[in-house]
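One-letter residues, chain by chain:
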Amino acid sequence: MTVNHHIEQFHGLPVFDFVQALDEAADGGDAAAVTLPEPASAAWRIGLHYESEEAFTKRWRQFLDTVDTERVTAVVIGPWFSDEPEQLDAALAAIVEAADRLPALRGLFVGDVTYEESEISWLEMCDVTPLLTAYPELTELVVRGGSNLELTPVRHEALRALRFEAGGLPAPVVRAVAGCDFPALERLELWLGVDNYGGDATLDDLAPFLDGTRFPAVRHLGLQNSEFEDDIAAAVAHAPVVARLESLSLAMGVLTDQGATALLEGQPLTHLRALDLHHHFLTGEVQQRLTEALPGVEIDLSEAGKPDARWRYVAVAE
């Protein structure tokens, strides 16, 4: 599996591609004829076209000068890169500097990039801590890309949903998330990825998310897209945090009968609303056992791989 399409919804809103809309109007001969949605009715996507030689900051300023950004609640950052390597730092700095122009911003997605624009394992990121410090009212943050990704432990009072999507999520970032203070956090998803692409986190790094001492408001936990999904499942089977979860995801990884059996033999999971195990390597027998043991739980067992496959792989790596 690769990331092969741009997101269409974010933060409960349809995504509106600001740059594409302006360029289509300009191509039609009337740049002023573009019809824009109400500022709060869409998640505004700003990103460069594939192989564009423009500067992202130019397009970002155009967005700030065209839209009533004081009413914008969600922003999606698409490709920010051109042939200039410093584009990423400049793009992130511009977003941080615009905080006073975006007082209503609550949702931010950084890295809405498809595999045709950049494989996720090649997608360069940087220190995203300034985004959290610049936007203290942010309630949802999604970051795609793990290469050179950094995070410093920080306290954020408002954040309710955090997701890191990576083909390889660096262990220091996982530890930094565990070191953060997010009293309002309800949803946490980590795409751990593979060691070949920098996903070097271990089960010990995940312990703070499982022992119930971090993030008291968490109701959904996703520890997914991992090569050691069986080990994660075995740890989850006895993890104190599970009792307060409403949904759990161990999807997208190399989950086999060993991990699923550990779940079945561990603490009760019948209180869950949903259990996401899609992209797995379970036998039909164990899938049936899960379904029978958790009759009131919505279980996603789609994208089944061959249990006896010699090569088992995570859903998103490169």
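Preceding this paragraph is the structure being described.
Since the structure is predicted, the reported quantities are computational estimates derived from the model, not experimental observations.

Helix and strand counts for the protein chain come out as 9 helices and 12 strands. Relative to the compact-globule value of 20 Å for 318 residues, the protein chain shows a C-alpha radius of gyration of 20 Å, a close match. Over its C-alpha atoms, taken along the principal directions, the protein chain stretches across nearly 65 × 40 × 35 Å. Burial analysis of the protein chain (318 residues in total) assigns 54% to the buried set. Across the protein chain, the fraction of contacts at a sequence separation of at least 24, relative to all contacts at a separation of at least 6, is 75%. Just so you have it, the protein chain exposes about 13900 Å², and 48% of that area is on carbon and sulfur atoms. On the protein chain, the mean spot of the 21 positive side-chain charges and the mean spot of the 53 negative ones are 5 Å from each other.

A sheet is described by the order of its strands in space; here 12 strands give the open sequence β1-β2-β3-β4-β5-β6-β7-β8-β9-β10-β11-β12, paired in mixed fashion. Of all strands in the sheet, those with a lone pairing partner are β1 (9-10) and β12 (298-300), marking the two edges. Across 4 bridges, strand β3 (residues 43-46) lies against strand β4 (residues 74-77) in parallel orientation. Looking at the pairing, R45 lines up with V76 of β4. Packing against the sheet, helix α7 (residues 229-236) makes contact with β8 (187-193), β9 (220-226) and β10 (247-249), and its axis sits at approximately 155° to β9.

The buried fraction of β8 amounts to 6 of the 7 residues, a majority that puts the element mostly inside the structure. For the segment spanning strand β7 (residues 161-165), helix α5 (residues 171-179) and β8, crossover handedness is right-handed. Relative to β9, β8 is paired through 6 bridges, and the arrangement is parallel. Considered in β9, the bridge of W191 is made with Q224. Taken together, β8, helix α6 (residues 203-210) and β9 constitute a β-α-β crossover, and its handedness is right-handed.

What counts, and where the lines are drawn
Residues numbered from 1 in each chain as written. Predicted model: local features only at pLDDT ≥ 70, side-chain atom pairs only at ≥ 80, totals over all residues. Heavy atoms only, no water. Helix = DSSP H or I, 4+ residues; strand = E, 2+ residues; numbered from the N terminus. Rg over C-alpha atoms; globule rule 2.2 N^0.38 Å. Buried < 20%, exposed > 50% of the residue type's maximum accessible area, 1.4 Å probe, protein only. Contact = heavy atoms within 4.5 Å. Areas by Shrake-Rupley, 256 points an atom, 1.4 Å probe, with all protein chains shown as cover. Lys, Arg positive; Asp, Glu negative; His and termini not counted. Charge placed at Lys NZ, Arg CZ, Asp CG, Glu CD. Pairing = 2+ DSSP bridges. Axes fitted to C-alpha atoms, helices over the stretch in contact; angles between N-to-C directions. Right-handed = clockwise from strand over helix to strand, strands pointing away.

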